Amino acid sequence: MAQQESQVMSLPLPPTQYINLFSEENIRRNKAPRPPPPIQDSYSMFGIQYNNEEMIRSLESQNIKRLIPIHFDRRKELKKLNHSLFVNFLDLIDLLIQYPDSPRRTEKIDDLSLLFVHMHHLLNEFRPHQARETLRVMMEMQKRQRVETIKRFKKHLERVVDIVNTAFAALPEIREEDLSEGDINMEIDNHDSSSGNKSDPSYQLDRIMCKVIDGIE
């Protein structure tokens with residue numbers, strides 16, 4: 001009988017006392033913890049102080065030896081750093097095989113670490129550009145959605161205008177002789193007859209319009 005392989009998670013589970021604070025009941029009652037406020041001045045991460053105004057720290061401010069010039073092409077420098085990494089890694093393997101006790105292996109490891117730091121720094125310098133491009137794409141999507149919404153609104157507005165114009169065009173023309181009391185046969189209830197409004201021209205016009213609308217339906 002084959003033994004069942006146990007599955008192990010690569011990352012630990014979040015702390016239970018933290019998860020319980022964000023239950024559906026707390027969220028519905030607006031009792032879940034608020035996100036932390038934005039950092040204003042400086043902050044500490046992994047024991048290193050960072051200034052909020054400086055998005056990417058320079059190599060000199062971190063006391064790291066600079067291997068690349070101040071003005072350079074990032075693509076070319078990344079390719080050169082990548083090539084240097086392979087060469088130094090092969091040199092380190094040769095040292096471990098031929099001279100395992102040589103102190104040069106420590107130098108090679110330091111060189112590899114320095115090259116990785118430079119590659120990481122160059123990649124981080126692309127972060128502002130990546131953020132701008134992401135924001136630009138989001139704004140273009142929002143603009144496209146608004147333009148499509150405006151087009152649909154104008155299309156529906158034109159249809160409504162056409163329907164209203166068609167309804168007005170279908171109304172029969174009211175002539176002045178139709179407004180005379182003798183040519184109109186209307187049913188007047190007791191309240192209307194007692195009120196004496198049948199002699200009012202506006203009252204007669206309202207009754208005619210109601211009769212026309214009833215005829216259309």
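Residues numbered from 1 in each chain as written. Predicted model: local features only at pLDDT ≥ 70, side-chain atom pairs only at ≥ 80, totals over all residues. Heavy atoms only, no water.

(A) Just the pairing of strand E1 (residues 42–45), in detail. Sheet topology note: the E1/strand E2 (residues 48–51) ladder contains 4 bridges and is antiparallel. Bridge pairing links Ser-44 to Gln-49 in E2. Between the antiparallel neighbours E1 and E2 lie 2 residues, among them Phe-46 with a positive phi of about 55 degrees. (Pairing = 2+ DSSP bridges. Helix = DSSP H or I, 4+ residues; strand = E, 2+ residues; numbered from the N terminus.)

(B) Structural context of unusual backbone geometry. Unlike most non-glycine residues, Asn-30 shows phi in positive territory, near 60 degrees. Summarising the element assignment, Asn-30 is placed in the loop between helix H2 (24–28) and E1. With relative accessibility at 52%, the residue Asn-30 sits in the exposed group. (Buried < 20%, exposed > 50% of the residue type's maximum accessible area, 1.4 Å probe, protein only.)

(C) Spotlight on the pattern of salt bridges. Here the structure, examined in full by the defined rule, presents 7 salt bridges. The partner of Arg-74 in a salt bridge is Glu-125, with the nearest N and O atoms 2.9 Å apart. Of this pair, Arg-74 sits in helix H3 (residues 74–98) while Glu-125 sits in the loop between helix H4 (104–124) and helix H5 (127–170), placing them 51 residues apart in sequence. In this structure, Glu-133 and Arg-136 form a salt bridge, with 2.7 Å as the shortest nitrogen-oxygen distance. (Salt bridge = Lys/Arg side-chain N within 4 Å of Asp/Glu carboxyl O.)

(D) Molecular detail of the nonpolar core. Counting 9 residues, the largest nonpolar core consists of Ile-68, Leu-78, Leu-81, Leu-85, Leu-92, Leu-112, Leu-115, Met-119 and Leu-122. At the level of elements, H3 and H4 are the ones that each hand at least two residues to this core. Non-local contacts of Leu-115, meaning those with residues more than four positions away in its chain, are made with Leu-67, Leu-81, Ser-84, Leu-85 and Asn-88. (Core = buried A, V, L, I, M, F, W, Y, C linked by side-chain atoms within 4.5 Å. Contact = heavy atoms within 4.5 Å.)

(E) Layout of H3. Spanning 25 residues, H3 covers 36 Å between terminal C-alpha atoms, matching the ideal 36 Å at 1.5 Å per step. Residues of H3 that are buried: Glu-77, Leu-78, Leu-81, Leu-85, Asn-88, Leu-92 and Leu-95. Each element contacted by the buried residues of H3 is listed here: H4. (Expected span 1.5 Å × (residues − 1).)

(F) Expanded view of the confidence of the model for the protein. Residues of the protein with pLDDT of at least 70 account for 74%, and the chain-wide mean is 78. Across the protein, H5 holds the top mean pLDDT of 91, while helix H6 (residues 190–195) sits lowest at 47. The low-confidence segment residues 1–5, where pLDDT is below 50, has 0 contacts with residues more than four positions distant or belonging to other chains. (pLDDT = per-residue confidence, 0-100.)

(G) Geometry of the packing of H3 against H4. Packing of H3 against H4 brings their axes to within 9 Å, and their N-to-C directions diverge by 160 degrees. The angle between H3 and H4 places the two elements in the roughly antiparallel class. Considering the relative orientation of H3 and H4, their crossing is left-handed. For the pair H3 and H4, the contacting residues are Glu-77, Leu-78, Leu-81, Asn-82, Ser-84, Leu-85, Asn-88, Phe-89, Asp-91, Leu-92, Leu-95 and Leu-96 in the first and Arg-104, Arg-105, Lys-108, Ile-109, Asp-111, Leu-112, Leu-115, Phe-116, His-118, Met-119, Leu-122 and Leu-123 in the second. (Axes fitted to C-alpha atoms, helices over the stretch in contact; angles between N-to-C directions. Parallel < 35°, antiparallel > 145°, perpendicular 65-115°, else oblique. Left-handed = near helix turned anticlockwise from the far one by under 90°.)

(H) Representation of a nonpolar patch on the surface within the structure. Nonpolar side chains collect at one region of the surface, where Tyr-18, Ile-19, Leu-21, Phe-22 and Ile-27 lie side by side and expose about 470 Å² of accessible area between them. For Leu-21, the position within the fold is in the loop between helix H1 (16–19) and H2. (Patch = residues over 30% accessible without salt bridge, like charges linked within 9 Å, V, L, I, M, F, W, Y side chains within 5 Å. Areas by Shrake-Rupley, 256 points an atom, 1.4 Å probe, with all protein chains shown as cover.)

(I) Seen up close, the side chain of Asn-88. Following the sequence through the fold, Asn-88 ends up in helix H3. When sequence neighbours within four positions are dropped, the list of residues in contact with Asn-88 reads Lys-108, Asp-111, Leu-112 and Leu-115.

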